[in-house]
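Structural overview for review
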Amino acid sequence: MKIDGEGVGDIVIEGKTKIVYRSADHPGYVVLQSKDRITAGDGARAHDMAGKAEISTATTTAIFDLLKQAGIKTHFEKCIGKTSMLAKYCDMIPLEWVTRRIATGSFLKRNPGVTEGYRFCPPKLETFFKDDENHDPQWSYEQCVEAKIKVGNRVISQDDLDIMSRTTVTVFEILEKAWSSLDCSLIDMKIEFGVDPQTGEILLADVIDSDSWRLWPSGDKRLMKDKQVYRDLKNVDGESLNTVKRNFEWVAERVKFLSPKPSSRVVVFMGSPTDGEHCANIKKACIKYGVPCELRVSSAHKGSEETLSILAKYEGAGVPTVFIAVAGRSNGLGPVLSGNTSWPVINCPPIGGDWGSHDIWSSLRLPSGLGCTTVTSPDGAALAAAQILGLQDHVIWAKLRTKQLNTWIGLKVADQKQREEMCVD
Ligand SMILES: Nc1ncnc2c1ncn2[C@@H]1O[C@H](COP(=O)(O)OP(=O)(O)OP(=O)(O)O)[C@@H](O)[C@H]1O
Ligand SMILES: [Mg+2]
């Protein structure tokens, strides 16, 4: 059998809202086929909704694209049709990871005395054991540890739980920032993880769609666009179901705009083409952080007018820009740029074999009224620029945040290996 051109084999599992098939064309992968079905309350309420599969797939694939682009490790490979996507097969971990920015819903019932609207900083993390019959009981961290949950051929360890905890909060923060760029408040969110049986890696899995979160346009609960509208319905009829569907469509149309093309940049001014290699390293690092980067040659000492005219062109284009000045010996370039623009300037002098420690002072000891900073490594200068641009560009911010997460996970996994090796010795 084929689904949207992809050969499929056995059904791995059929749930309330989707069917998971083994891919016949891609060993180790599955096809997640969405159903035209909406359910709530562990299936207590359930209705057919024509078009829901398409809306859910459009939403979840756009969200996973955004997260993958940021560097989050996910099961998602690609969207293959209007109602189906290709993903890595995972041994699913039966836990739901919930993050909350604002207290509402079941949290208020479980925590009497907390007022609706209470803001959690950092986001509040909760874990629920997936068990429909017992209504997905909340589990503490310690319960998750002690349960020694077995998936595939491994037991979920404390390290695994820590990795999932931190990843959950990062995913929430990324999606919160993305939605905020469209003036929508992400109030809370639910996700699931699985283990890739081939690599042993923990991957963000399942789906993230209008069933997974509370989303309040302009932070106004009355405007909610998520499944809560369906949960709250007193009488479910054609008209009310249509309202729910229109809300989901509203979300599916907007998720496309959560991954805009880069709207900011770095421009590197080099005082001499001999600094080209140093500048190429800055550009390489900028690209790694998702920041477009242009290189220009202009000497503030020997071609001052030209330097200022290039600067004026960039400022006039209206694209948020961080300038990086690369000049050897006496750095006139950075301070001159800084004295003539209100945009950020970072000095990144190319420190070579003929440098003395006094040479750095032309970058550090500035006339009054100048605020350029100095970072001596090409990667560090690019990172500093990306952090500045990440203040208003959530896509860049997401890349930086995920880089920190993945560094943290890398250390955690390396430490785990060391401990395992000690046990073998
Ligand atoms: N990459 C994957 N590999 C294998 N199974 C997956 C993958 N992603 C999601 N699943 C599983 O697909 C199943 C079917 O999804 P669905 O959401 O329809 O189930 P459900 O009825 O909501 O039940 P559940 O309470 O388990 O989510 C879920 O149990 C989910 O864990
Ligand atoms: Mg589910």
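Residues numbered from 1 in each chain as written. Chains lettered and ligands numbered in written order. Predicted model: local features only at pLDDT ≥ 70, side-chain atom pairs only at ≥ 80, totals over all residues. Heavy atoms only, no water.

1. Section: the site of ligand 1
As a matter of local geometry, ligand 1 sits amid 16 residues, with K16, K18, H75, K88 and K130 nearest to it. Between an oxygen atom of ligand 1 and a main-chain N or O atom of K16, the distance comes to 2.5 Å. In this structure, E192 approaches ligand 1 through a side-chain N or O atom, which is 3.4 Å from an oxygen atom. If ligand 1 stood free it would expose 600 Å²; the protein chains cover 87% of that surface. Secondary structure elements with two or more residues in the shell around ligand 1: strand 3 (18–23) and strand 4 (29–34). (Near = heavy atom within 4 Å. Polar contact = N/O pair within 3.5 Å; in protein donor to acceptor, adjacent residues only side chain to side chain. Areas by Shrake-Rupley, 256 points an atom, 1.4 Å probe, with all protein chains shown as cover. Helix = DSSP H or I, 4+ residues; strand = E, 2+ residues; numbered from the N terminus.)

2. Considering the packing of helix 1 (residues 52–70) against helix 6 (residues 238–255)
A packed helix pair is summarised by two numbers, namely the angle formed by the two axes and the spacing between the axes. Across the interface, helix 1 lies against helix 6 with an axial gap of 9 Å and an inter-helix angle of 30 degrees. Between helix 1 and helix 6 lies a crossing whose hand is left-handed. Taking contact as the criterion, the partners of K52, I55, A58, T59, A62 and I63 in helix 1 are, on helix 6, K245, F248, E249, V251, A252 and V255. Residue composition of the contact of helix 1 with helix 6, grouped by class: eight nonpolar, one polar and three charged. (Axes fitted to C-alpha atoms, helices over the stretch in contact; angles between N-to-C directions. Left-handed = near helix turned anticlockwise from the far one by under 90°. Contact = heavy atoms within 4.5 Å. Nonpolar A, V, L, I, M, F, W, Y, C, P; charged D, E, K, R; others polar.)

3. As for the sheet that holds strand 7 (residues 76–81)
Strands sit in the order 1-2-3-4-8-7 across an open sheet of six strands; the sheet is antiparallel. At either margin of the open sheet sits one strand with a lone partner, and together these are strand 1 (2–3) and strand 7. Its contacts with the sheet put helix 1 on strand 4, strand 7 and strand 8 (84–88), and the angle it makes with strand 7 is roughly 150 degrees. (Pairing = 2+ DSSP bridges.)

4. A few points about helix 11 (residues 378–389)
Here helix 11 is twelve residues long and its end C-alpha atoms lie 17 Å apart, about the 16 Å a rise of 1.5 Å per residue gives. The complete set of buried residues in helix 11 reads P378, G380, A381, A382, A384, A385, A386 and L389. (Expected span 1.5 Å × (residues − 1). Buried < 20%, exposed > 50% of the residue type's maximum accessible area, 1.4 Å probe, protein only.)

5. Describing the pattern of salt bridges
Once the charged atoms of two side chains with opposite charge are near each other, the side chains can pair. For the structure on display, the rule yields 24 salt bridges. A salt bridge links E126 to R100, with the nearest nitrogen and oxygen atoms 2.8 Å apart. In this pair, E126 is assigned in strand 11 (residues 119–129) and R100 in strand 10 (residues 95–102), connecting sequence segments 26 residues apart. Both residues of the pair, E126 and R100, count as buried. A salt bridge links D188 to R214; the shortest N-O distance between them is 2.7 Å. Linking D188 in strand 15 (residues 184–195) with R214 in strand 17 (residues 213–217), this pair joins segments that are 26 residues apart in sequence. When its relative accessible area of 5% is taken as the criterion, D188 is described as buried. A cluster of three or more residues bridged by salt bridges with shared partners is formed by R100, R110, E126, D188 and R214. (Salt bridge = Lys/Arg side-chain N within 4 Å of Asp/Glu carboxyl O.)

6. Details of the domain arrangement of the chain
Domain boundaries in the chain define domain 1 (2–87), domain 2 (90–235 + 243–258) and domain 3 (265–392). When each unit is reduced to the centre of its C-alpha atoms, the spacing between domain 2 and domain 3 is 42 Å. (Domains from an automatic or database assignment.)

7. Details of helix 7 (residues 276–288)
Look at helix 7: 18 Å from first C-alpha to last across 13 residues, which is about the 18 Å you get at 1.5 Å a residue. Count one or two residues on from helix 7 and you reach G290, which has phi positive near 80 degrees.

8. Section: the packing of aromatic side chains
Counted by the stated rule, this structure contains nine aromatic pairs. Considering the side-chain rings of F107 and F120, the 5.0 Å spacing of their centres and the 75 degrees angle between planes classify their relative orientation as edge-to-face. A residue pair is termed long-range when its members are at least 10 positions apart, and F107 in helix 2 (residues 106–110) and F120 in strand 11 qualify at 13 residues. Each member of the pair F107 and F120 is classed as buried. (Phe/Tyr/Trp six-rings, centres within 6.5 Å; stacked < 30°, edge-to-face > 60°.)

9. Digging into the pairing of strand 17
The element strand 17 is largely enclosed, with a buried count of five among its five residues. Here five bridges tie strand 15 to strand 17, and the two strands are oriented antiparallel to one another. In the strand pairing of strand 17, C184 is matched with P217.

10. As for the side chain of E6
Looking at the element boundaries, E6 is found in strand 2 (residues 6–14). Residues within four places of E6 in sequence aside, it is in contact with M1, S23, D25, H26, V31, I80 and L86.

11. As for the nonpolar core
Grouped together as the largest cluster of nonpolar side chains are 50 residues, with contacts concentrated most on L67, V171, L175, W179, L204, I208 and W213. In terms of residue count, the dominant contributor to this core is helix 4 (residues 158–180) (nine residues). Core analysis: the next-biggest nonpolar cluster, separate from the first, contains 23 residues, V266, C293, A381 and A386 among them. (Core = buried A, V, L, I, M, F, W, Y, C linked by side-chain atoms within 4.5 Å.)

12. Structural notes on the packing of helix 8 (residues 304–317) against helix 9 (residues 333–340)
Running from N to C, helix 8 and helix 9 cross one another at 50 degrees; their axes reach a closest spacing of 11 Å. When the interaxial angle is binned, helix 8 and helix 9 end up oblique. In terms of crossing hand, the pair formed by helix 8 and helix 9 is right-handed. Between helix 8 and helix 9, the contacting residues are T307, L308, L311 and E315 on the first element and L333, V336, L337 and N340 on the second. Taken together, the residues of the contact of helix 8 with helix 9 break down into five nonpolar, two polar and one charged. (Parallel < 35°, antiparallel > 145°, perpendicular 65-115°, else oblique.)

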